[in-house]
Amino acid sequence: MCGIVGYVGRHAATPVLLGGLRRLEYRGYDSAGLSVQDGKELLTLRAVGKVSRLADKVRAEWPEELQTRRVVGIAHTRWATHGAPTEANAHPHADASGRIRLVHNGIIENYRAIRAKLEAKGHVFASETDTEAVARLVGEYYKGDLRKAVIAALRQVEGAYGIAVISADEPGRIIVARKGSPLVIGVGEGECLIASDPSALISHTRRVIYLDDGDVALVTADSVDITDLNHAPMDRDVAELEFEPGAVEKGGYDHFMLKEIHEQPESVRNALRGRLDLLNGTAVLSGMGTGARELLDLQRIVMVGCGTSLHAGMVGDFAFEELAALPAEVQPAAEFRYRNPLVDGRDLVVAISQSGETADTLAAVREAKDKGAMIMGLVNVVGSTIARETGRGVYLHAGPEISVASTKAFTGQVAVLLLMALKLGRGRRLSRERGLALAAEIARLPELIEAVLRQDAAIAKVAESMAKHEHAFFLGRGPMHPVALEGALKLKEISYIHAEGYHAAELKHGPIALLTPGMPVVVLANRSPVVDKTLGNAEECKARGARIIAIVTEGGPVAAIADDVIQIPDCDPLVATIPAAVALQLLAYHVARLRGCPIDQPRNLAKSVTVE
Ligand code: G6P
């Protein structure tokens, strides 16, 4: 979604800002803009479409000398919410004098009231955005101290924001503030950067300060001064970013998605590192913080998440019930707080999120906290809001996931959920033998994934026939049902083929009416107690002329009915969800590639959805 970059320091700001915006492109956006302060005035350019169009505009309209002069600046990529993606709606927005510019992520809920008040005072708005109301409000309060004006304005504002503001009259300063929308300050040598996502600043510095909700910071080239909205000073630690700058490069792959698919043996290895106890058949997850007593007292696990993370939770649901004999459920995070959820102190609520910033998941965490439940985060991005607000949890250690379509985060989430279920199981009723066997299976995950990756070329061949269709079904049972949902989601997201995931037995209760001859039906038919039933469901489709693409266990009964077969190594049915998901990721990737789709940044999608 929207992205923010800011720069103040010893280098020219414009190339740093444009470079930062390029790093944020993966988040999904539809227009971009930047403002720079060159001592006496502010200069602003905005463009609809890609950052490259903004860069062209900079080259065409700003003299070279300005592009390389040392200036302070802020920049933004906008994912439209209030008003269409037009140049007028793009950020940075100005106050009435035009001497203040502001970029904003999030949503200002009372912007209509602020706008009406300002219009009554004679303001003429230039855009349809909620953001412009804040920019104008800052201008209203400006009496020579930008930080004071920003604080006065923010005290009027309801909603979520991460903002960065500069003024023509205060060279060398950026004011930033956050409430509900992430902002991080990169602290370099004689320079500071601001970003909504650390990947925009990793090539400049690894030392960062994460702002907390309610923080307002005055940032100069060599100082960061943080207060709250009452002007009281706040102390924030400087943290070290974990990942390498190379982690946000394509590294020879055509797309980030393909790179991330191929990273999975390593990312899953990282998720498992130091956490599997192969001698006792359990897992060591210190971040869970659950002692033996607490484990026995647990009465239920509730997982919340959105999109792919929700699907990972659905696999976890099977694992918790089967291994730990714990009632488990998964709820779309967007629904959780509005249904007045039934949770209490003996329930463990697990918030699953790659980014750790998804607005609905965060809201669910806060609701569960208010209700007194135990909370845990299962998050990839270190230092993200959900990671910090949950207080305890398990990181995925998958490294930055740049492609909008989530791949390595999903397999990392499922791997960690399996570890959690193993640990809870062993603390409750899972036998040592079963624990040992499962731990050994989980330890094989990197090699299981590698076995699927070796079939890349064969899967690309299967994709050829699929790419010609506009509809597809994905079927599975048990823990493979959520994998079917995830496979369908991957295909929809990046190839724009209409795909539906179903429980294999549910197809005949309606959706089968949509089957036409030749329609691809992907059937997850790995070794499991119900594989024969699944094959029966595949037969029903075949009888109606569907083209069956079967994901089967190596050496197992290959469905004679299958038109195409993708094999996964023989393994425990819960563990098999991971290699099966990898096969479906590759299938979706190759279909999208054959259809010429913009794989890493599909239309309308955002990597991190920070609005409800
Ligand atoms: C967006 C992304 C999805 C992701 C979902 C949840 O819709 O496009 O890929 O699964 O958000 O994101 P999270 O960061 O909370 O896992």
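As the structure is a prediction and not an experimental result, all values here were calculated from the model.

Cut-offs used in this document
Residues numbered from 1 in each chain as written. Predicted model: local features only at pLDDT ≥ 70, side-chain atom pairs only at ≥ 80, totals over all residues. Heavy atoms only, no water. Helix = DSSP H or I, 4+ residues; strand = E, 2+ residues; numbered from the N terminus. Buried < 20%, exposed > 50% of the residue type's maximum accessible area, 1.4 Å probe, protein only. Contact = heavy atoms within 4.5 Å. Salt bridge = Lys/Arg side-chain N within 4 Å of Asp/Glu carboxyl O. Core = buried A, V, L, I, M, F, W, Y, C linked by side-chain atoms within 4.5 Å. Pairing = 2+ DSSP bridges. Axes fitted to C-alpha atoms, helices over the stretch in contact; angles between N-to-C directions. Phe/Tyr/Trp six-rings, centres within 6.5 Å; stacked < 30°, edge-to-face > 60°. Lys NZ or Arg CZ within 6 Å of the ring centre and 35° of its normal. Near = heavy atom within 4 Å. Polar contact = N/O pair within 3.5 Å; in protein donor to acceptor, adjacent residues only side chain to side chain. Areas by Shrake-Rupley, 256 points an atom, 1.4 Å probe, with all protein chains shown as cover. Disulfide = S-S within 2.5 Å.

1. A look at the environment of Met314
Here comes step 1: In this structure, Met314 sits in helix H10 (residues 307–324).
Here comes step 2: On the accessibility criterion, Met314 (21% relative accessible area) is partly exposed.
Here comes step 3: C-alpha separation for the pair Met314 and Lys50, spaced 264 residues apart in sequence, amounts to 36 Å.
Here comes step 4: Apart from residues no more than four positions distant in its own chain, Met314 is found in contact with Val330, His481, Pro482 and Leu485.

2. A short note on the pattern of salt bridges
Here comes step 1: Counted under the stated rule, the structure contains 35 salt bridges.
Here comes step 2: One salt bridge connects Asp215 with Arg236, and the closest N-O pair in it is separated by 2.7 Å. Remark: Arg236 occurs in the loop between strand E13 (223–227) and strand E14 (239–240) and Asp215 occurs in the loop between strand E11 (207–210) and strand E12 (216–220); sequence separation between them is 21 residues.
Here comes step 3: With relative accessibility at 1%, the residue Asp215 sits in the buried group.
Here comes step 4: A relative accessible area of 24% means that Arg236 is categorised as partly exposed.

3. Digging into the nonpolar core
Here comes step 1: Ranked by size, the top nonpolar core spans 92 residues in total, and within it Met420, Ile442 and Phe474 carry the most contacts.
Here comes step 2: Residues in contact with Phe474, not counting those within four places in the same chain, are Met466, Ala484, Gly487, Ala488, Leu491, Ala499, Glu500, Gly501, Tyr502, Val522 and Leu584.
Here comes step 3: Formed by 36 residues, the second largest nonpolar core is a distinct cluster that contains Val5, Leu17, Trp62 and Leu193.

4. Concerning the sheet that holds strand E20 (residues 374–379)
Here comes step 1: Spatially, the 5 strands line up as an open sheet ordered E18-E17-E19-E20-E21, and their pairing is parallel. The open sheet has two edge strands with one neighbour each: strand E18 (328–332) and strand E21 (393–395). Direction aside, the axes of adjacent strands within the sheet are offset by 20° on average.
Here comes step 2: Relative to strand E19 (residues 347–353), strand E17 (residues 300–305) runs parallel, the two sharing 5 bridges. Within the sheet, the bridge partner assigned to Val302 lies in E19 and is Val349.
Here comes step 3: Its contacts with the sheet put H10 on E17, E18 and E19, and the angle it makes with E18 is roughly 170°.
Here comes step 4: Against the sheet, helix H12 (residues 359–370) contacts E17, E19 and E20, and its axis sits at roughly 165° relative to E19.

5. With respect to the packing of aromatic side chains
In this description, a pair of aromatic rings is defined by centroid distance and the angle of the planes.
Here comes step 1: Using the criterion set out here, one finds 1 aromatic pair in the structure.
Here comes step 2: Between the NZ or CZ atom of Arg136 and the centre of the ring of Phe125, over which it lies, the distance is 4.9 Å.
Here comes step 3: The cationic tip of Arg603 hangs over the ring face of Tyr496; the distance from NZ or CZ to the ring centre is 3.8 Å.

6. Quick notes on the site of the ligand
Here comes step 1: Residues in close proximity to the ligand total 14 residues, the closest being Ser309, Ser353, Gln354, Ser355 and Thr358.
Here comes step 2: A distance of 2.6 Å separates an oxygen atom of the ligand from a polar atom in the side chain of Ser309.
Here comes step 3: Within the backbone of Val404, a nitrogen or oxygen atom sits 3.3 Å from an oxygen atom of the ligand.
Here comes step 4: Computed on the free molecule, the ligand has an accessible area of 380 Å², of which 90% lies beneath the protein chains in the complex.
Here comes step 5: Considering each element in turn, the shell around the ligand owes the most residues, 3 residues, to H10.

7. A few points about the state of the cysteines
Here a disulfide denotes one covalent bond, and it connects the sulfur atoms of two cysteines.
Here comes step 1: Per the counting criterion, the structure on display carries 0 disulfides.
Here comes step 2: A disulfide-free cysteine, Cys306 has its sulfur positioned 17 Å from the sulfur of Cys2, the nearest such atom.

8. Regarding the sheet that holds strand E8 (residues 174–179)
Here comes step 1: The antiparallel open sheet is built from 6 strands, whose spatial order is E5-E6-E7-E8-E12-E13. The open sheet is flanked by strand E5 (93–94) and E13, the only strands paired with a single partner.
Here comes step 2: Across 5 bridges, the pairing between E12 and E13 is antiparallel. Along E13, the bridge assignment pairs Ala217 with Ile226.

9. Observations concerning the pairing of strand E4 (residues 72–78)
Here comes step 1: Burial runs high along E4: 7 of the 7 residues are buried.
Here comes step 2: Burial of the side chains of E4 extends over both faces: Val72, Ile74, His76 and Arg78 are buried on one face and Gly73, Ala75 and Thr77 on the other.
Here comes step 3: As paired elements, strand E1 (residues 3–9) and E4 share 5 bridges and run antiparallel to each other. Bridge pairing in E4 links Gly6 to Ile74.
Here comes step 4: Alignment of strand E2 (residues 31–37) against E4, held across 7 bridges, turns out to be antiparallel. The partner of Gln37 across the bridge, within E4, is Val72.

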